[in-house]
Amino acid sequence: MSMRGKSWVWQYAKRIENKAYCNLCDEDDNNEFSCPGGTTGSLGRHLTTIHGLMVNAVINKEQPRTHDEQQPENDSDEVMDIDETNKEINLEKNGRSRMRKRRTNIHYQNTNNGNNARSCSKDRCELINKALAKMIAVNQLPLSFCSSNGFHDFMSVVELNYKPCKEEAIKTRLKILSSNIEELIKNYLQDASSICCTTDCWTSISQESYITVTAHVIDSKWCAKSYILTTHEMDKRHTAENLSEQLINTFGKWNITNKILAIVTDNAKNITNAIPLISPEIYSVKCAAHTLQLAVNCVLKNENIVNIIKQCNKIVGHFKYSTLAKTSLEEKQELLGLTKTTLLQSCKTRWNSIYLMMERLVLNRCAIFNVLADRTITSQSMAQKLEIKEYKWLFIESLIQFLKPIYVTTNIFCTENNSSISMIRPLLKQIIEKHLMQCRENEYTIVQTLKQTLASEIKRRFSLEWDSTESVLLEQIASFLDPRFKDLDHEVLSNHEAIRSKIKQIINQNNYLEPNEITTASQEQQNKHISYLEYIFGINNEENDLTKEFQNYLAEPQLRFTLDPLEWWKTRYSKYPTIGKLAKKYMAITATSVSAERCFSTAGNIVTRKRASLSPENVNLLVFLHQNKQLMI
């Protein structure tokens, strides 16, 4: 193996066979470098790192050396220490060596100057910290995420010079973000003429009780808006007095006590009794979906239905806990051309879960039968225990047809942007007349009885058989103000006049002029001109305008039920300003308390088994930010 002898390292090393030895080191076992083919990289790094030596001049190519020539022991023109090297580097090889050393510490290059590393300024660090706080709130991450090893490794690639902040610093930024959102919500609520609230209580996995309050308004652009106000700890007993105290404190904090028109709750006695304690002028509205589910539960107590539900639960439980049966079911679904879906288990606290369980079983009936008939998958005794006779399958199909209208109606009530209280009476009237009172061919007698029972329960719980001698219901007022149901076709004809008279009375008793409504100079002059003419003709301006507006509203064609009533009011608000202000007030009342109950899912993702010790303050902070994430700026 020939040795060219061109490298500067041979000034400080010697070669014996295929090994190189540093002359500056002691002769021990570690002073040995392998140089096959004359490679001197490891020896050069040794001299540079250990002894601080580096070449700074080009070796004269006109005087080539051979491996037989003796290397100079020292040459001040060709070598220099590290300090001198930092001042002058002329050799191309030396330049590559320095760049190779820098590259271990450089992950970014400035876009303006590709040779300079980008530093992470304080402003950029703060921008990253704010974005991190938003990510924690939106993705429901723990506060400790900012100090996790995974996040540090990620940022070492994205921004090398970024210094991760601690949990307390992130919590501070989350509080600042929460304060900004609170100010926005307060401004929106102050601009609203009236507010509807929903509330409910829940218990975390750590057995801590919380109360959630949400607010619903219709803004100046006729858009329905909802905001969560609080999810704070309820450390007292859930009595009516304590619940009313908690709600009063919440309304006082947000300065909306005088604007609350109605509070929507479930049917629990404690919360329904708490509303009148806040103020006798606040309407207490029971959640329509919860009330409808209570009516269905009364019907499903029939012994035959209870047995069918138990049998269905057994089948679902078998495929849920048996991995072999579940895998086999998926294979059968694929062979039969069915969509791969898992079976659903019913739950008493989940609306429509019985309907969904039965529907999924009927859809996968053939696949279930094939799995139960396969003795390599299901034993004989288990198959007999889970078998459902043919007449029971037909009965299940009849129950699905019976429960489907309830399922659809509940979904309509629970829709966030279209859940006005004005829809309750019209929809329930249609359910009774077109679904529960209609008998299908070859329908089971027991199903007909169930329909009649359910119709009676719905009428009783929702006061559908209302008499004009009674006080007009809040739902009836809202229905009249909804252009889809303003003709009151769902009410008895003899009750129409009583409902309309009540609305006229409300308009006359209250002043619905907006506080920030501004009249231009031209409008004022025109109004004066009209008032002069009315004076000459002896017309009462105020009374005439209201009567004419009311009559014109009644003459309007009823809006199709599939269209948006708020959009209709947006285009006709200037035509019917008095009735429109009343509609904005009453149509903001929601049909259900689902918005408050949706916080349960969010809180369940935040207060997990691994985060069961999360303080109530942090729970409120994280739930508030996540539920109002659309307001983050």
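Quick look at the structure, then. (Residues numbered from 1 in each chain as written. Predicted model: local features only at pLDDT ≥ 70, side-chain atom pairs only at ≥ 80, totals over all residues. Heavy atoms only, no water.)

Brief notes about the overall build of the protein
Piece 1. Broken down by element type, the protein carries 25 helices and ten strands.
Piece 2. For the protein, buried positions account for 41% of its 633 residues.
Piece 3. A separation threshold of at least 6 residues defines the contact pool for the protein, and within that pool the share at least 24 residues apart is 67%.
Piece 4. In the form shown here, the protein has an accessible surface area of approximately 36000 Å², with 49% of it arising from carbon and sulfur atoms. (Helix = DSSP H or I, 4+ residues; strand = E, 2+ residues; numbered from the N terminus. Buried < 20%, exposed > 50% of the residue type's maximum accessible area, 1.4 Å probe, protein only. Contact = heavy atoms within 4.5 Å. Areas by Shrake-Rupley, 256 points an atom, 1.4 Å probe, with all protein chains shown as cover.)

Observations regarding the pairing of strand E9 (residues 260-265)
Piece 1. The buried count for E9 comes to six of six residues, which makes it a mostly enclosed element.
Piece 2. Bridge count between strand E6 (residues 195-203) and E9: four bridges; the pairing is parallel. The residue bridging cysteine 197 from the neighbouring strand is isoleucine 263, located in E9.
Piece 3. In terms of strand pairing, E9 meets strand E10 (residues 283-286) through four bridges, oriented parallel. Bridge pairing links valine 264 to valine 285 in E10. (Pairing = 2+ DSSP bridges.)

A few points about helix H18 (residues 474-481)
Structural remark: α-helix, 3.6 residues per turn; residues separated by three or four positions point the same way.
Piece 1. Judged by how many residues are buried, H18 sits mostly within the fold: seven of eight residues are covered.
Piece 2. Among the residues of H18, those classed as buried are Leu474, Gln476, Ile477, Ala478, Ser479, Phe480 and Leu481.

Looking at the nonpolar core
If you look at soluble globular proteins, the nonpolar side chains tend to sit buried side by side.
Piece 1. Ranked by size, the top nonpolar core spans 86 residues in total, and within it Ile458 and Ile589 carry the most contacts.
Piece 2. Per element, the largest residue contribution to this core is nine residues, and it comes from helix H15 (residues 390-413).
Piece 3. The residues touching isoleucine 589, leaving out its near neighbours within four places in the chain, are Cys196, Leu261, Ala262, Val264, Val285, Ser419, Ser420, Ile421 and Leu474.
Piece 4. With 58 residues, the next largest nonpolar core counts Leu132, Tyr210, Ala274 and Leu625 among its residues. (Core = buried A, V, L, I, M, F, W, Y, C linked by side-chain atoms within 4.5 Å.)

A closer look at the pattern of salt bridges
Piece 1. According to the stated counting rule, one finds 16 salt bridges in the structure shown.
Piece 2. For the salt bridge of lysine 175 with glutamate 617, the shortest nitrogen-to-oxygen distance reads 3.2 Å. Note that lysine 175 is positioned in helix H6 (residues 167-191) and glutamate 617 in helix H25 (residues 616-627), a separation of 442 residues in sequence.
Piece 3. Beyond isolated ion pairs, a larger network of salt bridges with shared partners links Glu457, Arg460 and Arg461. (Salt bridge = Lys/Arg side-chain N within 4 Å of Asp/Glu carboxyl O.)

Digging into the packing of helix H10 (residues 303-321) against helix H12 (residues 353-363)
Piece 1. For the pair H10 and H12, interaxial distance at closest approach is 11 Å and the crossing angle is 60 degrees. The hand of the H10/H12 crossing is left-handed. For the pair H10 and H12, contact is made by Ile308, Ile309, Cys312, Asn313, Ile315 and Val316 and by Ile354, Met357, Met358 and Leu361, respectively.
Piece 2. Here the residues of the contact of H10 with H12 are counted per class, giving nine nonpolar, one polar and no charged. (Axes fitted to C-alpha atoms, helices over the stretch in contact; angles between N-to-C directions. Left-handed = near helix turned anticlockwise from the far one by under 90°. Nonpolar A, V, L, I, M, F, W, Y, C, P; charged D, E, K, R; others polar.)

Concerning the sheet that holds E10
Piece 1. Across the sheet, which stays open at both edges, the five strands sit in the order E8-E7-E6-E9-E10 with mixed pairing between neighbours. In this open sheet, the two strands that pair with only one neighbour each are strand E8 (224-233) and E10. Sheet twist, expressed as the mean angle between neighbouring strand axes with direction ignored, is 25 degrees.
Piece 2. The strands touched by H25 are strand E7 (209-218) and E8; relative to E8, the strand with the most contacts, the crossing angle is about 170 degrees.

A short note on the environment of alanine 603
Piece 1. Positionally, alanine 603 belongs in helix H24 (residues 594-606).
Piece 2. Sequence separation between alanine 603 and histidine 626 is 23 residues, and the spatial gap between their C-alpha atoms is 9.6 Å.
Piece 3. Setting aside residues up to four positions removed in sequence, alanine 603 forms contacts with Trp202 and Val623.

Some details on the packing of H18 against helix H19 (residues 496-509)
Helix packing for two helices is described by the angle between their axes and how far apart those axes are.
Piece 1. Running from N to C, H18 and H19 cross one another at 85 degrees; their axes reach a closest spacing of 10 Å. Taken together, the axes of H18 and H19 lie roughly perpendicular to each other. Along the contact surface, H18 presents Gln476, Ile477 and Phe480, while H19 presents Ile499, Arg500, Lys502, Ile503 and Ile506.
Piece 2. Residue composition of the contact of H18 with H19, by class: five nonpolar, one polar and two charged. (Parallel < 35°, antiparallel > 145°, perpendicular 65-115°, else oblique.)

A word on the pairing of strand E1 (residues 13-16)
Along any regular strand the residues' side chains alternate between the sheet's two faces.
Piece 1. Pairing analysis gives four bridges linking E1 to strand E2 (residues 19-22), with the strands arranged antiparallel. Bridge pairing in E2 places arginine 15 opposite alanine 20.
Piece 2. Remark: two residues form the turn of the hairpin made by E1 and E2, two consecutive strands paired antiparallel; glutamate 17 in that turn has positive phi of roughly 55 degrees.

With respect to the packing of aromatic side chains
Piece 1. Inspection of every chain in the model, using the stated rule, returns 19 aromatic pairs.
Piece 2. Ring geometry for tryptophan 8 and tyrosine 12: centres 6.5 Å apart, planes at 75 degrees, overall edge-to-face. The burial state of tryptophan 8 is the same as that of tyrosine 12; both residues are buried.
Piece 3. When the centroid spacing of 5.7 Å and the interplanar angle of 20 degrees are considered together, the rings of tyrosine 553 and tryptophan 569 count as stacked. Of the two residues, tyrosine 553 is situated in helix H21 (residues 541-555) and tryptophan 569 in helix H22 (residues 565-572); the sequence distance between them amounts to 16 residues. For the pair tyrosine 553 and tryptophan 569, one class covers both residues: buried.
Piece 4. Here the aromatic cluster, defined as three or more aromatic residues joined through ring pairs, consists of Trp222, Phe480, Phe550, Tyr553, Trp568, Trp569, Tyr573 and Tyr576.
Piece 5. A cation sits over an aromatic face here: lysine 186 above tryptophan 254, 5.9 Å from the ring centre. (Phe/Tyr/Trp six-rings, centres within 6.5 Å; stacked < 30°, edge-to-face > 60°. Lys NZ or Arg CZ within 6 Å of the ring centre and 35° of its normal.)

Section: unusual backbone geometry
Piece 1. Even without glycine at this site, glutamine 140 takes up a positive phi of about 55 degrees.
Piece 2. As for its position among the elements, glutamine 140 is in the loop between helix H4 (122-138) and helix H5 (149-158).
Piece 3. Overall, glutamine 140 belongs to the buried group, its relative accessible area being 16%.

Observations regarding the environment of aspartate 235
Piece 1. Of note, aspartate 235 is situated in the loop between E8 and helix H7 (240-254).
Piece 2. Separated by 24 residues in sequence, aspartate 235 and isoleucine 211 place their C-alpha atoms 9.8 Å apart.

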